[in-house]
Amino acid sequence: MRLDKYLIQASIGMRKEVQPLIREGLVTVNGNVVTVPETIICEKTDCITYRGEKISLGKRQYYMLHKPAGYITARSDAEKATVLDLFQNVNTNSLFPVGRLDKDTEGLLFLTNDGAFDQFLMNPKCHVEKTYFFWALGSLSEEDKAALCNGLSIGEGEKLTKPARLTIVREGLYDVLKEEIISPIICKVKMKPEGQPVVAGYLTISEGRKHQVKRMLKAVGCYIIYLKRTTIGPVALDESLPKGQYRALSEEEVRSLLD
Ligand code: URA
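Definitions and cut-offs
- Residues numbered from 1 in each chain as written.
- Predicted model: local features only at pLDDT ≥ 70, side-chain atom pairs only at ≥ 80, totals over all residues.
- Heavy atoms only, no water.
- Helix = DSSP H or I, 4+ residues; strand = E, 2+ residues; numbered from the N terminus.
- Contact = heavy atoms within 4.5 Å.
- Areas by Shrake-Rupley, 256 points an atom, 1.4 Å probe, with all protein chains shown as cover.
- Lys, Arg positive; Asp, Glu negative; His and termini not counted.
- Charge placed at Lys NZ, Arg CZ, Asp CG, Glu CD.
- Salt bridge = Lys/Arg side-chain N within 4 Å of Asp/Glu carboxyl O.
- Buried < 20%, exposed > 50% of the residue type's maximum accessible area, 1.4 Å probe, protein only.
- Near = heavy atom within 4 Å.
- Polar contact = N/O pair within 3.5 Å; in protein donor to acceptor, adjacent residues only side chain to side chain.
- Nonpolar A, V, L, I, M, F, W, Y, C, P; charged D, E, K, R; others polar.
- Pairing = 2+ DSSP bridges.

Visitor: Help me out: how do you make sense of the overall build of the protein chain in this one?
Guide: From N to C terminus, the protein chain includes seven helices and 13 strands. Taken along its principal axes, the extent of the C-alpha atoms in the protein chain is 70 × 40 × 35 Å. Taking as baseline every contact in the protein chain between residues at least 6 positions apart, the subset at least 24 positions apart corresponds to 67%. When the accessible surface of the protein chain is summed, it comes to about 13700 Å², and 50% of that surface belongs to carbon and sulfur atoms. Positive and negative side-chain charges in the protein chain, numbering 36 and 33 respectively, have mean positions lying 3 Å apart.

Printed below as a string of structure tokens:
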């Protein structure tokens, strides 16, 4: 295994962080400083240290969390509740969230201590698809739907979004559909919903830009009032998990995500 990959898997940092640490001479292999990140080491027999401390891969942890609204996706925060606060009876010392969901977004979030797993799922080149269910104020014309699927501009100077898939499951007036609408969790929307058209659907994207789904819908004149991530790659949110609960991913689920 490459030395930089070993450090990532030992949760020392991401690739762009561990490579400079190696080059700076902070890592030794069997007592010798090694400054080449690509050096091949044997994870079973070699003794690796970082800043003088022996490091090891330890047991890898992989969890699926049903994130509720109201929690920020971070390891810790001085004021706000974080997704790590939802974990009990689990050693969360080296656990971190894979990617992020906005505070008001619900649904599937992975947490792990495996840097390589995180890098694979987050690397835009790996094109891991994520599906989101949304309710939005507004209506979508056929042109809007095509733009969402084919790519559209969501910010000045940004590239067009990559091809996406859209499945609309409800369209109509708020007043008619309001019993079905999952209670709006996004309060920043100024307009009153009464008398407005609403639309619900699933959007599958393979990128992870900040507020991407909200910005894509906004680009076609719709305002998300509810957002939930339902799948990442081949793994769907286990709907038997109540909001705020988590479970370990099975070996098969982990394998299927890395395939
Ligand atoms: N897109 C968003 O707009 N928000 C999320 O939390 C995730 C994807």
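Visitor: Is there a simple way to explain unusual backbone geometry in this structure?
Guide: Excluding glycine, most residues fall at negative phi; most peptide bonds, likewise, are trans. Positive phi is not limited to glycine here, since His 127 has a value of about 50°. Mapping His 127 onto the fold places it in the loop between α3 (115-122) and β8 (130-137). Phi at His 211 takes a positive value of approximately 50°, unusual for a residue other than glycine. Among the structural elements, His 211 can be located in the loop between β10 (197-205) and α6 (212-219).

Visitor: How should the pattern of salt bridges be read in this particular structure?
Guide: Should their charged atoms come close, side chains of opposite charge can pair. According to the stated counting rule, one finds 17 salt bridges in the structure shown. The salt bridge involving Glu 207 is made with Arg 209; its shortest N-O contact spans 3.0 Å. A salt bridge links Glu 253 to Arg 247; its shortest N-O distance comes to 2.9 Å. Residue class for Glu 253 comes out buried when judged on its relative accessible area of 17%.

Visitor: Just checking my understanding: could you explain the site of the ligand for this structure?
Guide: In the neighbourhood of the ligand, the contacting residues comprise Leu 101, Asp 102, Thr 105, Tyr 132, His 211, Gln 212, Val 213, Lys 214 and Leu 227. Here a nitrogen atom of the ligand and a backbone polar atom of Val 213 are 3.1 Å apart. Separating an oxygen atom of the ligand from a backbone N or O atom of Lys 214 is a distance of 3.0 Å. Taking 240 Å² as the accessible area of the ligand by itself, protein coverage stands at 96%. When residues in the shell around the ligand are grouped by element, the largest group, three residues, is from α6. Tallied by class, the residues present in the shell around the ligand amount to four nonpolar, three polar and two charged.

Visitor: Help me understand the pairing of strand β7 (residues 106-112) in this model?
Guide: Regular strands place their side chains on alternate faces of the sheet. Of all the seven residues making up β7, seven are buried; the element is thus mostly covered by neighbouring parts of the structure. Here six bridges tie strand β5 (residues 62-67) to β7, and the two strands are oriented antiparallel to one another. Opposite Tyr 63, over in β7, you have Leu 111 as the bridge partner. Taken together, the two bridges between strand β6 (residues 96-97) and β7 define a ladder with antiparallel strand orientation. Residue Phe 96 lies in a different strand from β7, and its bridge partner there is Thr 112.

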